[in-house]
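The lines below spell out each chain.
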Amino acid sequence: MAELYVKPGNKERGWNDPPQFSYGLQTQAGGPKRTPLTKRVAAPQDGAPRVPTSETSPGAPPMGPPPPSTKAYSSPAVGNCPASTVQPTDSPVVECETLLEDVLRPLEQALDDCRGYTKKQVCDDISRRLALLQEQWTGGKLSTPVKKRMALLVQELSSHRWDAADDIHRSLMVDHVTEVSQWMVGVKRLIAEKRSLSSEEEAHEEKSTATAKENQTVPEVQQDP
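Each value, and the rule that gives it
- Residues numbered from 1 in each chain as written.
- Predicted model: local features only at pLDDT ≥ 70, side-chain atom pairs only at ≥ 80, totals over all residues.
- Heavy atoms only, no water.
- Salt bridge = Lys/Arg side-chain N within 4 Å of Asp/Glu carboxyl O.
- Helix = DSSP H or I, 4+ residues; strand = E, 2+ residues; numbered from the N terminus.
- Buried < 20%, exposed > 50% of the residue type's maximum accessible area, 1.4 Å probe, protein only.
- Lys, Arg positive; Asp, Glu negative; His and termini not counted.
- Contact = heavy atoms within 4.5 Å.
- Axes fitted to C-alpha atoms, helices over the stretch in contact; angles between N-to-C directions.
- Parallel < 35°, antiparallel > 145°, perpendicular 65-115°, else oblique.
- Nonpolar A, V, L, I, M, F, W, Y, C, P; charged D, E, K, R; others polar.
- Core = buried A, V, L, I, M, F, W, Y, C linked by side-chain atoms within 4.5 Å.
- Patch = residues over 30% accessible without salt bridge, like charges linked within 9 Å, V, L, I, M, F, W, Y side chains within 5 Å.
- Areas by Shrake-Rupley, 256 points an atom, 1.4 Å probe, with all protein chains shown as cover.
- Charge placed at Lys NZ, Arg CZ, Asp CG, Glu CD.
- Expected span 1.5 Å × (residues − 1).
- Arc of directions from axis to C-beta.
- Left-handed = near helix turned anticlockwise from the far one by under 90°.

## Some remarks on the pattern of salt bridges
Considering all chains together, one arrives at twelve salt bridges under this definition. Put simply, R115 and D112 hold a salt bridge, and the shortest N to O gap is 3.8 Å. E193 is paired through a salt bridge with R189; the nearest N and O atoms lie 3.0 Å apart. One end of the pair is E193 and the other is R189, both in helix α7 (residues 184–214) and four residues apart, which spans about a single turn. Each member of the salt-bridge network shares a partner with another, and the members are D125, R128 and R129.

Now the structure itself:
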């Protein structure tokens, strides 16, 4: 095989002269060229494996992961978030004020209903207690919880819910005894008198209804002659 690449030399060279190889004969010889195994291939700069150009088709997409985008993404800076725009309001909550007239008028009306059915001494004592209630209310000696509970008591009294009104009276005597002790006795007596009067009126109405039914005339049956 080596004789194919031997350049014809001088006929007069000695027997021990080394043969002279021809570069042109080597390039003209057929056969595929192989890449020497000792040749080192430089690593690509983008980290993707490099494919020989002879093995890739013209329209094939590039192999390996896409190159990193050159567009910089700005991450929000920590601690630069705007504070909440919701601010607590300093304005106080406006509550509906309980008026003395809304409490005292139903009590006086209940007392007027009891006059003529209750002893005069009892009615006078209740009236005096209600005057103390009015005096302490206008003098600012009653707290807001007491005023609110008295408004509820009056509503229950006007609706003839006697047990509920009596429960509110007891709660006031337990929780606010120093404020209500001088006049709450008259309110308690007024609840009891009004309840008794209402029971008597209901009993009288039932009796009147029963009497009216008994007095209804029954048509007589005509007898044959």
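Picking up after the structure, the text goes on.
## Describing the side chain of E179
Mapped onto the fold, E179 is located in helix α6 (residues 177–180). For the buried E179, which has no salt bridge, the nearest side chain bearing the opposite charge is K147, at an N-O separation of 8.6 Å. The residues touching E179, leaving out its near neighbours within four places in the chain, are Q136, K141, L142, S143 and V146.

## Thoughts on the packing of helix α2 (residues 100–114) against helix α3 (residues 120–138)
Contact geometry of α2 with α3 gives a least axis separation of 11 Å together with a crossing angle of 175°. Comparing their axes, α3 and α2 come out roughly antiparallel. In contact with L100, V103, L104, L107, E108, L111 and C114 of α2, α3 contributes C123, I126, S127, L130, L133, Q134, W137 and T138. Residue composition of the contact of α2 with α3, by class: eleven nonpolar, three polar and one charged.

## Brief notes about the nonpolar core
Within the largest apolar cluster, 31 residues are counted, with the highest numbers of intra-cluster contacts made by L107, L130, L133, M150, W183 and V187. Looking at this core, the element that brings in the most residues is α2, giving seven residues. Those residues in contact with L133 that lie beyond four places of it in its chain are L104, L107, L142, M150 and W183.

## Structural notes on unusual backbone geometry
Backbone geometry at H160 places phi at a positive 65°, although glycine is not the residue there. Here H160 lies in the loop between α4 (144–158) and α5 (162–175).

## Some details on a negative patch on the surface
Where like charges cluster on the molecular surface, the negative patch consists of E200, E201, E202, E205 and E206. Here E201 lies in helix α7. For E201, a relative accessible area of 40% corresponds to the partly exposed category.

## Observations concerning α5
With 14 residues, α5 extends 20 Å between its outermost C-alpha atoms, agreeing within 8% with the 20 Å of an ideal straight helix rising 1.5 Å per residue. Residues of α5 that are buried include every one of W162, A165, I168, H169 and L172, and no others. Along the axis of α5, the buried residues cluster in a sector spanning 130°; they form a single face.

## Examining the packing of α4 against α5
α5 packs onto α4 with a crossing angle of 160° between their chain directions and a minimal axis gap of 8 Å. Taken together, the axis directions place α4 and α5 in an arrangement best described as roughly antiparallel. Handedness of the α4/α5 crossing: left-handed. Contacts from V146, R149, M150, L152, L153, E156 and L157 of α4 reach α5 at W162, A164, A165, I168, H169, S171, L172 and D175. Of the residues in the contact of α4 with α5, the class split is ten nonpolar, two polar and three charged.

## A few points about the environment of S143
Assignment of secondary structure puts S143 in the loop between α3 and α4. We classify S143 as partly exposed; its relative accessible area is 23%. Ignoring sequence-local partners within four residues, the contact set of S143 consists of H176 and E179.

## A look at α2
An ideal rise of 1.5 Å per residue puts 21 Å on 15 residues; α2 measures up with 22 Å between its terminal C-alpha atoms. Of all the residues in α2, the buried ones are L100, V103, L104, L107, A110, L111 and C114. Seen end-on, α2 carries its buried residues on one side only, within an arc spanning 125°. At the exit of α2 stands G116, carrying a positive phi of roughly 95°.

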